[in-house]
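# Working through the structure, step by step
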Amino acid sequence: GDVTIVNVTDDYGCLGIAGPLSREVIASLTSTPMGNDDFPFLTFQKLSLKGIPVLAVRVSYTGELGWELHHDAQYTCDLYNLLLDGGKRFGIGDFGTYAMGSLRLEKGFRAWGAEVCVLHRN
């Protein structure tokens, strides 16, 4: 059979939410149980966050409790605003890649191209 390769990079987005209250923020936006036994580390589940479909992965590059929320790119702005609005009572805020990089180093997480790379020898 034939194989077709399609670049879908621009069709998907991913927002991360991390921190000790990240579970409470997400739980306030879904009817899906978010407890540790219901959603263990390094597992994923399809969720609806106030009608926005996401594939939630329980992992965080910060080394703190958190999730990656993979979604159709058309929902990125709505999902971002939903997380900020839903997280106001929990003190939610943005963090940048430099902060995340610092936190991942503190946790001992390695990054491709920084601590992990391919060495070429002639």
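Described in the following lines is the structure provided in the data block. (Residues numbered from 1 in each chain as written. Predicted model: local features only at pLDDT ≥ 70, side-chain atom pairs only at ≥ 80, totals over all residues. Heavy atoms only, no water.)

## Here's the deal with the pairing of strand E3 (residues 52–57)
As a reminder, the rule being used: The pairing criterion is simple: DSSP has to find at least two bridges between the two strands. In DSSP terms, a helix is any run of H or I states spanning at least four residues, a strand is any run of E spanning at least two, and both are numbered starting from the N terminus.
The pairing of strand E2 (residues 44–49) with E3 spans six bridges and is antiparallel. Among the inter-strand pairings, Phe44 is bridged to a residue of E3, identified as Val57. Hairpin remark: E2 followed by E3, antiparallel, with two residues in the connecting loop; positive phi at Lys50, about 50°. Relative to strand E4 (residues 66–72), E3 runs antiparallel, the two being bridged by three bridges. Its bridge partner lying in E4, Val57 is registered against Glu68.

## Considerations on the pairing of E4
Successive side chains on a regular strand alternate, one facing one side of the sheet and the next facing the other. As defined by bridge partners, strand E1 (residues 12–18) adjoins E4 across seven bridges and the pair is classed as antiparallel. Opposite Tyr12, over in E4, you have Asp72 as the bridge partner.

## As for the layout of surface pockets
Using the following cut-off: Only protein atoms enter the calculation, which uses a 1 Å grid: trapped sets of points that fit a 1.4 Å probe without letting it out are cavities, open sets showing protein on both sides within 12 Å along at least five of seven lines are pockets, and any residue with an atom within 4 Å of a point is a lining residue. Grid points are joined across faces, edges and corners, and a volume is the space filled by probe spheres set on the points. Residues are grouped as follows: nonpolar covers Ala, Val, Leu, Ile, Met, Phe, Trp, Tyr, Cys and Pro; charged covers Asp, Glu, Lys and Arg; every other residue, Gly included, is treated as polar.
Considering only enclosed or pocket space, the largest pocket measures out at about 600 Å³ in volume. Considering the residues around the largest pocket, the lining is formed by 29 residues, among which Gly16, Ile17, Ala18, Gly93 and Phe95 are closest to the centre. Only E1, helix H1 (22–27), E4, helix H2 (76–87) and helix H3 (97–107) provide two or more residues apiece to the lining of the largest pocket. Broken down by class, the residue content of the lining of the largest pocket amounts to 17 nonpolar, 10 polar and two charged.

## Comments concerning the pattern of salt bridges
The criterion, for reference: One speaks of a salt bridge when a side-chain nitrogen belonging to Lys or Arg is within 4 Å of a carboxyl oxygen belonging to Asp or Glu. Think of it in three bands: with a 1.4 Å probe and only protein chains considered, a residue is buried below 20% of the maximum accessible area for its type, exposed above 50%, and partly exposed in between.
What the rule picks out here adds up to two salt bridges. Between Lys88 and Asp85 there is a salt bridge, and its shortest N-O distance comes to 3.7 Å. When its relative accessible area of 49% is taken as the criterion, Asp85 is described as partly exposed. A salt bridge links Glu115 to Arg104, with the shortest nitrogen-to-oxygen separation between them at 2.9 Å. Linking Glu115 in the segment after H3 with Arg104 in helix H3, this pair joins segments that are 11 residues apart in sequence.

## As for the nonpolar core
Which entries qualify depends on this criterion: Among buried residues, those of type Ala, Val, Leu, Ile, Met, Phe, Trp, Tyr and Cys that are joined through side-chain atoms within 4.5 Å constitute a nonpolar core. By the convention used here, residues are in contact when the closest approach between their heavy atoms is within 4.5 Å.
Ranked by internal contacts, the top residues of the largest apolar core, which has 18 residues, are Ile26, Leu47, Leu49, Trp67, Leu69 and Leu79. Within the residue set of this core, elements represented by two or more residues are E1, H1, E2, E3, E4 and H2. In this structure Ile26 touches Ile17, Met34, Leu47, Leu49, Trp67 and Leu69, once residues within four positions along its chain are discounted.

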